[in-house]
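# A look at the structure
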Amino acid sequence: MAASYWFLTRRIFVESEDGESWYYSSPAQLDELLESLDPTEFEAPLCREINDFKDEIIRQMELTEEDHKPAQGEQEVLPGDREQLLNENAEGKAKRDD
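An account of the accompanying structure is given in this report. Nothing here was measured: the structure is a model prediction, and the numbers come from that model.

### Details of the pattern of salt bridges
- Inspection of the entire model under this criterion finds 2 salt bridges.
- Across the pair Asp-31 and Lys-54 runs a salt bridge whose closest N-O atoms are separated by 3.6 Å. In this pair, Asp-31 is assigned in helix α1 (residues 27-36) and Lys-54 in helix α3 (residues 54-67), connecting sequence segments 23 residues apart.
- Judged by relative accessible area, Lys-54 falls into the partly exposed class, the value being 23%.
- Notably, a salt bridge pairs Glu-56 with Arg-59, separated by 2.7 Å at the nearest N-O pair. Taken together, the positions of Glu-56 and Arg-59, both in helix α3 and 3 residues apart, correspond to about one turn of that helix.
- With relative accessibility at 33%, the residue Glu-56 sits in the partly exposed group.

### A word on the sheet that holds strand β1 (residues 4-8)
- If you trace the 3 strands from one edge of the open sheet to the other, you get β1-β2-β3, paired in antiparallel fashion. Of all the strands in the sheet, just β1 and β3 (21-24) have a single pairing partner and so form its edges. Here the strands of the sheet are splayed against their neighbours by 25° on average, with no regard to which way each runs.
- Pairing between β1 and strand β2 (residues 11-15): 5 bridges, direction antiparallel. Residue Ser-4 lies in a different strand from β2, and its bridge partner there is Glu-15.
- Contacting β1, β2 and β3, α3 crosses the sheet at an angle of about 100° to β2.

Cut-off values and rules
- Starting from 1, residues in each chain are numbered consecutively following that chain's sequence as written.
- With the structure being a predicted model, the display of local features is reserved for residues of pLDDT at least 70 and the display and counting of side-chain atom pairs for 80 or more, all residues being used for whole-chain, interface and lining totals.
- Excluded from the side-chain calculations are hydrogens and water; all other atoms, namely the structure's heavy atoms, are used.
- Whenever a carboxyl oxygen of Asp or Glu lies within 4 Å of a side-chain nitrogen of Lys or Arg, that contact is scored as a salt bridge.
- For helices the rule is a DSSP run of H or I covering at least 4 residues; for strands it is a run of E covering at least 2, with both sets numbered from the N terminus onward.
- The buried label goes to any residue with under 20% of its type's maximum accessible area, the exposed label to any with over 50%, and the partly exposed label to all in between, with areas taken from a 1.4 Å probe on protein chains only.
- Two strands pair if DSSP finds at least two bridges between them.
- As a rule, the C-alpha atoms of each element are fitted with a line to give its axis, helices using only the stretch in contact, and angles between N-to-C directions run from 0 to 180 degrees.
- Contact between two residues is taken to exist if any of their heavy atoms lie within 4.5 Å; hydrogens are not considered.

What follows is the structure, given as structure tokens:
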């Protein structure tokens, strides 16, 4: 079984084979997701779907960013451990490349 992907409420949610889940909610995170996928073989259909709707996905993600901009003087806090997600994505890509 492969990871599952959904686009809901301005975010792309991912559920791994072992039940872990996380989401991507900004255009920068979307780019990171696309960079971690294999557009030529394993995730080609997924990449095509994301790219077909990329403009709309980005538009909605930008709305979320605008809605969640910290007020002046507040510090922005991003949900989740971004570094851990990037490492997991890189590990998954490395496993596919082997």
